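# Summary of the model geometry
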Amino acid sequence: MEQNSKYIRLAADLQSDSIVDGPGLRTVIWTQGCSHHCKGCQNPQTWDFNGGGLVPIEMVKEAIDELENQDGITFSGGDPMFQVDACLELAKYCKEKGYNIWVYTGFTYEELMKMSLNNPNYKEILSYIDILVDGRFILKERDLSLLFRGSRNQRLIDVKKTLEKNEVVLLDEDEYFEKSAFKKKQIYV
Ligand code: SF4
């Protein structure tokens, strides 16, 4: 997908108060465009790289400025990593504002690291992400009991620890919810 640093292609307006895209009350940035085409994808309308609308990044930042009572920002789609340059700029902005950041991608962490050899932004964006939910949705691996993900192959990756250790470290769910401001019960409502 051609990337334009001044714009991001979005599938919808920012959606506030989500309780299913990560812990707490979150605002979701729905990016447009995904070529993984997972069987059983819940958002096939977000696949078209020419769909949705091109939105100036500055306008998205203004929308972020206006958020109230949100615990975090979640990048979803579509696959945000097809617009890594724009998402990096927004992730930096969200982090400066103190938001907890989750990103959903159909790529695996290992694939992103390989892609970073051609575009370092794939690695740089990781430094702003708290949790990366990685991997394609695989219908035969679907499990409705999983926390914040749809299929068993998908991982909740603790990105900070992963970058420190240089190997994938999964989210320790109990530790995370004990130490963070997020109450685990919030996610089961
Ligand atoms: S990566 Fe996500 S948005 Fe893309 S096809 Fe798979 S489930 Fe759908």
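About the criteria used
- Residues numbered from 1 in each chain as written.
- Predicted model: local features only at pLDDT ≥ 70, side-chain atom pairs only at ≥ 80, totals over all residues.
- Helix = DSSP H or I, 4+ residues; strand = E, 2+ residues; numbered from the N terminus.
- Rg over C-alpha atoms; globule rule 2.2 N^0.38 Å.
- Buried ≥ 20, exposed ≤ 12 C-beta atoms within 10 Å, placed from the backbone.
- Contact = placed C-beta atoms within 7 Å.
- Core = buried A, V, L, I, M, F, W, Y, C linked by C-beta atoms within 7 Å.
- Axes fitted to C-alpha atoms, helices over the stretch in contact; angles between N-to-C directions.
- Parallel < 35°, antiparallel > 145°, perpendicular 65-115°, else oblique.
- Left-handed = near helix turned anticlockwise from the far one by under 90°.
- Nonpolar A, V, L, I, M, F, W, Y, C, P; charged D, E, K, R; others polar.
- pLDDT = per-residue confidence, 0-100.
- Pairing = 2+ DSSP bridges.
- Expected span 1.5 Å × (residues − 1).
- Right-handed = clockwise from strand over helix to strand, strands pointing away.

### What about the overall build of the protein chain?
- Across its full length, the protein chain holds 6 helices and 8 strands.
- Secondary structure of the protein chain in N-to-C order comes out as β-β-β-β-α-β-α-β-α-α-β-β-α-α.
- Its C-alpha atoms give the protein chain a radius of gyration of 15 Å, within 12% of the compact-globule value 16 Å for 189 residues.
- Seen along its three principal axes, the alpha-carbon backbone of the protein chain occupies a region of about 40 × 35 × 30 Å.
- Out of the 189 residues in the protein chain, the part that is buried amounts to 34%.
- Excluding contacts between residues fewer than 6 apart, the proportion of contacts in the protein chain whose partners are at least 24 apart in sequence is 68%.

### Overview of the nonpolar core
- With 35 residues, the main nonpolar core has Cys87, Ala91, Ile101, Ile125, Ile129 and Ile131 as its most contacted residues.
- Listed by contribution, the elements that provide at least two residues to this core are strand 1 (7-10), strand 3 (26-30), strand 5 (72-76), helix 2 (84-96), strand 6 (100-104), helix 4 (121-126) and strand 7 (131-134).
- A total of 7 residues in this core trace back to one element, the largest contributor, which is helix 2.
- Non-local contacts of isoleucine 131, meaning those with residues more than four positions away in its chain, are made with Gly22, Trp102, Leu156, Ile157, Asp158, Val159 and Leu171.

### A short note on the packing of helix 1 (residues 57-65) against helix 2
- Relative orientation of the contacting elements helix 1 and helix 2 amounts to 25 degrees, with a least axis distance of 11 Å. Comparing the axis directions of helix 1 and helix 2 gives the class roughly parallel. Crossing geometry of helix 1 relative to helix 2 is assigned as right-handed. Only Ala86, Glu89, Leu90, Tyr93 and Cys94 of helix 2 make contact with helix 1, whose side of the interface consists of Ile57, Val60, Lys61 and Ile64.
- Taken together, the residues of the contact of helix 1 with helix 2 sort by class into 7 nonpolar, no polar and 2 charged.

### Brief notes about the confidence of the model for the protein chain
- Scored by pLDDT, the protein chain has a mean of 93; 94% of the residues are at 70 or more.
- The low-confidence segment residues 185-189, where pLDDT is below 50, has 6 contacts with residues more than four positions distant or belonging to other chains.

### Looking at the sheet that holds strand 2 (residues 15-18)
- Sheet architecture is open: 6 strands sit in the order 2-3-5-6-7-8, paired in mixed fashion. On the outer flanks of this sheet lie strand 2 and strand 8 (155-158), each paired with one strand and no other. Taken over all neighbouring pairs, the strand axes of this sheet differ in orientation by 25 degrees on average, direction set aside.
- Sheet topology note: the strand 3/strand 5 ladder contains 5 bridges and is parallel. Considered in strand 5, the bridge of arginine 26 is made with glycine 72.
- Lying on the sheet, helix 2 is in contact with strand 3, strand 5 and strand 6; it crosses strand 6 at an angle near 155 degrees.

### Description of the pairing of strand 7
- Along strand 7, one buried face is formed by Ile131 and Val133 and the opposite face, lined by Leu132 and Asp134, is buried too.
- Of the pairings in the sheet, the one linking strand 6 to strand 7 comprises 3 bridges and is parallel in character. Counterpart to tryptophan 102 in the pairing with strand 7 is isoleucine 131.

### Description of helix 2
- End to end, helix 2 covers 18 Å across 13 residues, agreeing with the expected 18 Å (1.5 Å per residue, within 8%).
- All of the buried residues in helix 2 are Val84, Ala86, Cys87, Leu88, Leu90, Ala91 and Cys94.
- Buried-residue contacts for helix 2 involve strand 1, strand 3, helix 1, strand 5, strand 6 and helix 4.
- Phi turns positive, to about 90 degrees, at glycine 98, one or two residues after helix 2.

### Some points on the pairing of strand 5
- Summarising burial for strand 5: 5 of the 5 residues are buried, a large majority.
- Relative to strand 6, strand 5 runs parallel, the two sharing 4 bridges. Each residue of the ladder has a partner; that of glycine 72, found in strand 6, is asparagine 100.
- After leaving strand 5, the chain enters helix 2 and then returns to the sheet as strand 6, a path that is right-handed.

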